[in-house]
Amino acid sequence: MQVIASAKEEAFLTQLACEVRKHFPALTAKLDGPALRTKITAALERAKAAGVTSERDCVRLVNVAAALEWRLEDHPWLDAQLADPAVDDVSERVRLVVARALRDKQREEQNRAARRELERATRR
Amino acid sequence: MTSILDDIPLRDVGDLEAEWFRAPHPKPEDVEEPPPAVSSEQLAAADQAAASRSATAPPASPVSSCAKKLQAIVITIAGEDGRPIEHVAFELRKSATEMSGTKSGADGTGQFAGIESGSYELALPALDQDAWEILSSEATVPEQSASPAAWSAPAAAAAAAETTHTIAEGESIAALALRYGFAPETIWDDAANAALKEKRKDPNILAAGDSVTIPALRVVARPVNAGASVRIRRKGLPQVFRVRFLAPDGTPRKELPYLIDLEDESGKEQRSGTTSGEGFVIEKLSPLVRTVTITLGPTGEVHRFRAELDPLDTDSGLQDRLRNLGYSCGEEDGAIGPATAEAIRAFQRDAGLAGNGTADTPTREELKKRHLS
């Protein structure tokens, strides 16, 4: 049983690495296989420590870790959200983490677009 | 003054009028920013792909899961302008002894998954009954595989009680309403605040040290059904910020591109726009935004405004308005010194008033007229 579990785990990591490369090509371009697996494993360990158990939630957190360019220590809100006692369901905590990461990304893009718009309008 | 936003019941934070800023300002740097390695579109696509994975079985599980299909309730809360509101606590009550809690996220949404069909009660424990309303409830949430929701006993609620809040510099009734979970008018119209209302007139212009009675919170639970997508409106948010830019000859500085910076606890938000034909910048913002920075495109001049003002009959309120109109009061804040007296003299001269640097009644009246608040 243990052998099967290890093989499945290995297959899961390989598949996840492929998906991360597919979704985030610019971010992963300079990472070789072992380096990417190390980052994914670290994100999965973090998920496990926060009590995240389902495959879907683990993958969602790996995606967020990638979107934050693996620098989770620069985003203390993430651990606070994953441990928020006001939110009973762990999957809901993960969903809130994804919503926050997405909003921050969108705001970053909106701010950038606003600065460029000012620049463009000023040149006219 | 008539606002183009008059069809939305929002409060003004104060109408500010700014003349041409006298001091030279550096232009924003023309630096080409490198694009981020990951876009929001990529994260959204990756998250969507993750949704097809098991919501109940652990990763690499050697045993496949036979999860039961259960229902969910999705709650979304937004302000009067439709923008999502974060960090609002939701409680779903199954019975007097069973509840589950969550909060609204950055998208304004909280979700209760893994629940059985039936009717429940929804409470917003940190909001007064008059601060929120259900706009719609539609049976649009499909059944999904999920672990059954965990229900816990509700915490013993502390008895709601009236409290007193002493205003700190820059605070307004709108900011208190957001902080304590009320609609602004619930606080402003409370009988215990009648004397303050009479004295200050404008709920957005209070003085440091003013005492405001915060009424007892009235928490209410409203019925919701499993499978529903519920839209809630938070009343009293956001506010409207208005500032008018004028040239030295008093003509509006119209159709100028600008960048506005708004910063609150959720981070910095920048928006671009163009001043109106009358020289106005009008933006909706959270009462938590304290400082607003506007960069005008053609010159790169930077204007900083406090979103909340002190009353005009206070020295700090006088200085706020002089500064906003471009009259420097130096480092003086809350006490009239030589720099403020010189600013008053310059204002009196420009306004055609006879004056000696003292903020007399005609001067304050003219200041109110030009500042629009």
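Small disclaimer: the values here were computed from a predicted structure and weren't measured.

A. Expanded view of the interface of chain B and chain A. Taken together, the contact between chain B and chain A spans 49 residues of the former and 50 residues of the latter. Contributions of two or more residues to the side of chain B that touches chain A are made by α1 (40-50), β4 (98-103), β5 (109-115), β14 (257-264) and β15 (267-274) of chain B. Ranked by the residues each element gives to the side of chain B that touches chain A, the list is headed by α1(B), at nine residues.

B. Representation of unusual backbone geometry. The omega torsion across L237(B) and P238(B) is -5°, close enough to zero to call that bond cis. The topology assignment puts P238(B) in the loop between β12 (229-234) and β13 (239-246). Residue E69(A) is not a glycine yet carries a positive backbone phi of 55°. Looking at the secondary structure, you find E69(A) in the loop between α4 (55-67) and α5 (77-82). Although it is not a glycine, E255(B) adopts a positive phi angle of roughly 55°. Note on placement: E255(B) falls in the loop between β13 and β14. On the basis of neighbour counts, which here come to 11 C-beta atoms within 10 Å, the residue E255(B) falls in the exposed class.

C. Molecular detail of the confidence of the model for chain B. Residue and element names in this part refer to chain B. Scored by pLDDT, chain B has a mean of 84; 89% of the residues are at 70 or more. Across residues 1-29 the pLDDT falls below 50, and counting only partners more than four positions away or on other chains, this stretch makes 75 contacts in the model. Across the interface, the model reports ipTM at 0.92; the global pTM reads 0.81.

D. Region of the structure containing the sheet that holds β14(B). Across the sheet, which stays open at both edges, the four strands sit in the order β15-β14-β17-β18 (chain B) with antiparallel pairing between neighbours. Edge positions in the sheet fall to β15 and β18 (302-306) of chain B, since each has one partner strand and no second. The sheet shows a mean angle of 20° between the axes of neighbouring strands, taken without regard to direction. Bridge count for β14(B) against strand β17 (residues 291-296) of chain B is five bridges, and the pairing is antiparallel. Opposite D261(B), over in β17(B), you have T293(B) as the bridge partner. Helix-sheet contacts for helix α6 (residues 90-123) of chain A involve β14, β15 and β17 of chain B, and the interaxial angle to β15(B) is about 35°.

E. Highlighting the nonpolar core. Membership of the largest hydrophobic core comes to 41 residues, with the highest contact counts inside it found for I73(B), I75(B), L92(B), L176(B), A177(B) and I187(B). For this core, the secondary-structure elements that each account for two or more residues are β2 (69-78), β3 (89-95), β5, β6 (119-123), α2 (173-180), α3 (184-188), β10 (211-214) and β12 of chain B. When residues in this core are grouped by element, the largest group, six residues, is from α2(B). In contact with L176(B), other than residues within four places in its own chain, are H165(B), E171(B), I187(B), V212(B) and I214(B). By size, the runner-up hydrophobic cluster in this structure holds 34 residues, among which are V20(A), A43(A), V52(A) and A106(B).

F. Inspection of helix α7 (residues 361-371) of chain B at higher detail. All names here are of chain B. Of the residues making up α7, those classed as buried are T363, L367 and H371. For α7, the buried positions fall inside an angular range of 55° around the axis, keeping them on one side. Exposed and oriented more than 90 degrees from the buried face of α7 are T361, E365, K368 and K369. Positioned one or two residues after α7, L372 has a phi angle of 70°, which is positive.

G. The arrangement of α2(B) in detail. Residue and element names in this part refer to chain B. The element α2 is largely enclosed, with a buried count of six among its eight residues. The set of residues buried in α2 consists of I173, A174, A175, L176, A177 and L178. Remark: G181 follows α2 within two positions and exhibits a positive phi of approximately 85°.

H. Region of interest: the packing of α4(A) against α1(B). Contact pair α4(A) / α1(B): the axes reach a minimum separation of 9 Å and the direction vectors enclose 170°. Classified by the interaxial angle, the pair formed by α4(A) and α1(B) is roughly antiparallel. With respect to the hand of their crossing, α4(A) and α1(B) are arranged in right-handed fashion. Here R56(A), V59(A), R60(A), N63(A) and A67(A) of α4(A) lie close against α1(B), whose contacting residues are L43(B), A46(B), D47(B) and A50(B).

I. Main features of the sheet that holds β4(B). Residues and elements named next belong to chain B. Read across the sheet, four strands follow the order β4-β3-β6-β11 without closing on themselves; strand pairing throughout is antiparallel. Looking at strand neighbours, the two that pair on one side only are β4 and β11 (221-225), the edges of this open sheet. Neighbour to neighbour, the strand axes of the sheet diverge by 30° on average, direction disregarded. In terms of strand pairing, β6 meets β11 through five bridges, oriented antiparallel. Considered in β11, the bridge of Y120 is made with V224.

J. Structural view of the packing of helix α3 (residues 33-49) of chain A against α4(A). Residues and elements named next belong to chain A. For the pair α3 and α4, interaxial distance at closest approach is 9 Å and the crossing angle is 125°. By the angle between their directions, the pair α3 and α4 is classed as oblique. Crossing of α3 over α4 shows right-handed handedness. On α4, the residues touching I40, A43, L44 and A47 of α3 are D57, C58, L61, V62 and A65.

K. Molecular detail of the environment of A50(A). All names here are of chain A. Mapping A50 onto the fold places it in the loop between α3 and α4. Residue A50 is classed as partly exposed on the basis of its C-beta count, with 19 C-beta atoms lying within 10 Å. Along the chain, A50 and R37 lie 13 residues apart, while their C-alpha atoms are 20 Å from each other. Dropping the residues within four chain positions of it, A50 is found in contact with L82 and A83.

Rules used throughout
- Counting of residues starts from 1 at the beginning of each chain's written sequence and follows it residue by residue.
- Labels are handed out in written order, letters beginning with A for the chains and numbers beginning with 1 for the ligands.
- Owing to the predicted nature of the model, reporting of local features is limited to residues with pLDDT of at least 70; listing and counting of side-chain atom pairs is limited to 80 or more, with chain, interface and lining totals taken over all residues.
- What counts as a contact is two residues whose backbone-derived C-beta atoms lie within 7 Å of each other.
- Helix and strand labels come from DSSP, where a helix needs a run of H or I of at least four residues and a strand needs a run of E of at least two; each type is numbered from the N terminus.
- Partly exposed residues are those whose C-beta has more than 12 but fewer than 20 other C-beta atoms within 10 Å; 20 or more makes a residue buried and 12 or fewer makes it exposed, with C-beta atoms placed from the backbone.
- Values of pLDDT, the confidence the predictor places in each residue, fall between 0 and 100.
- Two strands pair if DSSP finds at least two bridges between them.
- Between the N-to-C directions of two axes lies an angle of 0 to 180 degrees, each axis being a line fitted to C-alpha atoms and, for a helix, fitted only over the stretch in contact.
- To form a nonpolar core, buried Ala, Val, Leu, Ile, Met, Phe, Trp, Tyr and Cys residues must be joined through C-beta atoms within 7 Å.
- The arc under discussion is defined with respect to the helix axis, by the directions toward the C-beta atoms.
- Orientation is classified from the angle alone, with under 35 degrees giving roughly parallel, over 145 giving roughly antiparallel, 65 to 115 giving roughly perpendicular, and any other angle giving oblique.
- For any pair of crossing helices, the crossing counts as left-handed if the nearer helix is rotated counterclockwise from the farther one by less than a right angle, and right-handed if it is rotated clockwise.

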